[in-house]
Amino acid sequence: YFNKAYKRGATYSLKLASLSNENDMSLAAEGKALDDIKYFAFGTGMATEADGYKALYIRDKANHYLFYENENYTRVSLIDREDDFLKLQFNIDEIYIDGTPVSFEDSGVEKLYLVIHNDLNLDRIADRGELYKVIVTL
C-alpha cells in the first residue's frame, strides 16, 4: 500500500481491522467519523512488538495501526519511495483468534473480513477513496 511517512503532528497511518463477522463491516461507511466506528475509534489501535505485528489479530473492537517513520520506528516494511509517498508492505505469518496464535491452515477460518482506512488528509473521517472493505477467502 502507499502512504506518507509518519511524523509527530502528521500521523499518517493505515488502520486495518480484521473482523470475525461480515456484518461488522457495515459499521464503516463513507462520510462517517472514525470515532463512530467501534474498531477505528481513538485508542483502538493495538500495540505491537518492537518490530511490528507478526500476526493478523481478529478483533472486533480494535485495529492494526500501521505506519512507517524510519527504519527504527515502523510497523511495516518499506518497499520503495515514490515522491512524497512510501510503498509499504504488511507481512503476517499467522493469525490470532481469541488470543491464541494459529497458522492459517490450522485456524479453520474460511474467510477474513478486513476493513481498511487510510486517512490521507488526517481529518479522522472516512472520506471517499480512503475506506476499503475486503473479504479474503482462504
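Criteria and cut-off values
Think of each chain on its own: its residues are numbered from 1, step by step along the sequence as written. Where totals are concerned, whole chains, interfaces and linings use all residues; where local detail is concerned, this predicted model gives features only for residues with pLDDT of at least 70, and gives and counts side-chain atom pairs only at 80 or more. Excluding hydrogens and water, the side-chain values take into account all heavy atoms of the structure. Comment: elements are numbered from the N terminus, with helices defined as DSSP H or I runs of at least four residues and strands as E runs of at least two. For the radius of gyration, the atoms used are the C-alpha atoms, and the globule rule reads 2.2 Å times the number of residues raised to 0.38. Burial classes follow relative accessibility: with a 1.4 Å probe on protein chains only, a residue under 20% of its type's maximum area counts as buried, one over 50% as exposed, and anything between as partly exposed. Per-residue and other accessible areas follow the Shrake-Rupley method at a 1.4 Å probe size, with only the shown protein chains counted as cover for residues. Like-charged residues within 9 Å of one another, or nonpolar side chains (Val, Leu, Ile, Met, Phe, Trp, Tyr) within 5 Å, are grouped into patches, provided each residue has over 30% relative accessible area and no salt bridge. The term salt bridge refers to a pairing of a side-chain nitrogen on Lys or Arg with a carboxyl oxygen on Asp or Glu at a separation within 4 Å. For the charge count, each Lys or Arg is scored as positive and each Asp or Glu as negative, with His and the chain ends excluded. By convention, charge coordinates are those of NZ in Lys, CZ in Arg, CG in Asp, or CD in Glu. For cavity detection a 1 Å grid was placed over the protein atoms alone, and a set of points counts as a cavity when a 1.4 Å probe fits there but cannot get out; an open set counts as a pocket when protein lies on both sides within 12 Å along at least five of seven lines, with lining residues being those that have an atom within 4 Å of a point. Grid points are joined across faces, edges and corners, and a volume is the space filled by probe spheres set on the points. Residue type decides the class: Asp, Glu, Lys and Arg count as charged, Ala, Val, Leu, Ile, Met, Phe, Trp, Tyr, Cys and Pro as nonpolar, and the leftover types, Gly among them, as polar. Two strands qualify as a pair provided that DSSP identifies no fewer than 2 bridges between them. Nonpolar cores are built from buried Ala, Val, Leu, Ile, Met, Phe, Trp, Tyr and Cys residues. Side-chain atoms within 4.5 Å join them into one set. Residue contacts are counted whenever heavy atoms from the two residues lie within 4.5 Å of one another.

Draft legend 1. Structural detail: the overall build of the chain. Scanning the chain from terminus to terminus reveals one helix and 13 strands. Secondary structure elements of the chain occur, N-terminal to C-terminal, as β-β-β-β-β-β-β-β-β-β-β-α-β-β. Against the compact-globule benchmark of 14 Å for 138 residues, the chain has a radius of gyration of 15 Å, which places it among compact chains. In terms of overall dimensions, the chain has a C-alpha envelope of 40 × 35 × 25 Å along the principal axes. Counting across all 138 residues of the chain, residues that qualify as buried make up 37%. With an accessible surface of roughly 8000 Å², the chain has 46% of that area assigned to carbon and sulfur atoms.

Draft legend 2. Examining the environment of Y57 more closely. In this fold, Y57 is placed in strand 4 (residues 55-58). Sequence separation between Y57 and E105 is 48 residues, and the spatial gap between their C-alpha atoms is 15 Å.

Draft legend 3. Quick peek at a negative patch on the surface. Taken together, D80, E82, D83 and D84 make up a surface patch of like negative charges. For E82, the position within the fold is in strand 8 (residues 77-82).

Draft legend 4. The layout of surface pockets, seen in detail. Its volume calculated, the largest pocket comes out at about 260 Å³. If you go around the largest pocket, you meet 14 residues; those closest to its centre are L14, L16, F90, L114 and I116. Listed by contribution, the elements that provide at least two residues to the lining of the largest pocket are strand 2 (14-19), strand 9 (85-89), strand 12 (111-118) and strand 13 (131-137). Of the residues assigned to the lining of the largest pocket, the class counts are 12 nonpolar, two polar and no charged. The wall of the second largest pocket is formed by 14 residues, among which K15, F42, G43, Y65 and R124 lie closest to the centre.

Draft legend 5. Representation of the pairing of strand 8 within the structure. The pairing of strand 8 with strand 9 spans five bridges and is classified as antiparallel. The residue of strand 9 that forms the bridge with D80 is K87. Where strand 8 folds back on strand 9, the antiparallel hairpin that results is connected by two residues, among which D83 adopts a positive phi of roughly 55 degrees.

Draft legend 6. Quick look at the nonpolar core. Ranked by internal contacts, the top residues of the largest apolar core, which has 19 residues, are L16, L56 and L66. Counting residues per element, the ones that place at least two in this core are strand 2, strand 4, strand 5 (63-66), strand 9 and strand 12. The leading source of residues in this core is strand 12, at three residues. Each residue touching L56, except ones within four places of it in the same chain, is listed here: L16, S18, H64, F90, I92, E94, I95, Y96, L112 and L114. Within the second largest apolar cluster, 12 residues are counted, among which are A17, L19, Y39 and L131.

Draft legend 7. Layout of the pattern of salt bridges. Going through the model one piece at a time under the given rule, you end up with three salt bridges. Note that R8 and E69 form a salt bridge whose closest N and O atoms lie 2.8 Å from each other. Placement of R8 in the loop between strand 1 (2-3) and strand 2 and of E69 in strand 6 (residues 68-70) is noted, with a sequence separation of 61 residues between them. On the accessibility criterion, E69 (26% relative accessible area) is partly exposed. Among the salt bridges present, the one from K38 reaches D24, with a minimum N-O distance of 3.4 Å. On the criterion of sequence distance, the pair formed by K38 in the loop between strand 2 and strand 3 (45-46) and D24 in the loop between strand 2 and strand 3 is long-range, its members being 14 residues apart. A relative accessible area of 33% means that K38 is categorised as partly exposed. On the basis of relative accessibility, which here comes to 12%, the residue D24 falls in the buried class.

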